[in-house]
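Chain and residue survey
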Amino acid sequence: MSSESGHNGPLAQLTDHQREAIETALELGFYQSPRATSYEEIAVELGCVPGAANDLLRRAKVALVAAVLNA
């Protein structure tokens, strides 16, 4: 995992790709209720397939929760 982009705290636990995925998902409304976007739309923005977008988001969430709970 990389913290080279200057992030501290839980964000430092994310890779650059994970951070980009979670920021994109947030911007597109993925975390709204109801969701305003899908894995397919996030994948288009990230230039990957939906499965890869799903995996990036899942790994980012795991890393963030672990960082917060272990803090």
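Refer to the structure above for everything that follows.
One structure accompanies this document, and this report is about it. These numbers come from a predicted model, not from an experiment.

**Remarks on the nonpolar core**
Leu14, Ala21, Ile22, Ala25, Phe30, Ile42, Ala43, Leu46, Ala53, Leu57, Ala60 and Ala63 form the largest nonpolar core, which has 12 residues in total. Secondary structure elements with two or more residues in this core: α1 (16-28), α2 (39-46) and α3 (50-70). In contact with leucine 57, not counting residues within four places along its chain, are Ala21, Ile22, Ala25, Phe30, Tyr31, Tyr39 and Ile42.

**So, the pattern of salt bridges**
Counted under the stated rule, the structure contains three salt bridges. Here arginine 58 and aspartate 55 are joined by a salt bridge, their closest N and O atoms 2.5 Å apart. Here the residue arginine 58 and the residue aspartate 55 both occupy positions in helix α3, the gap between them amounting to three residues, near one helical turn. Assessed through its relative accessible area of 43%, arginine 58 is described here as partly exposed.

Cut-off values and rules
Residues numbered from 1 in each chain as written. Predicted model: local features only at pLDDT ≥ 70, side-chain atom pairs only at ≥ 80, totals over all residues. Heavy atoms only, no water. Core = buried A, V, L, I, M, F, W, Y, C linked by side-chain atoms within 4.5 Å. Buried < 20%, exposed > 50% of the residue type's maximum accessible area, 1.4 Å probe, protein only. Helix = DSSP H or I, 4+ residues; strand = E, 2+ residues; numbered from the N terminus. Contact = heavy atoms within 4.5 Å. Salt bridge = Lys/Arg side-chain N within 4 Å of Asp/Glu carboxyl O.

The quantities given are spatial measurements derived from coordinates; they are silent on function.
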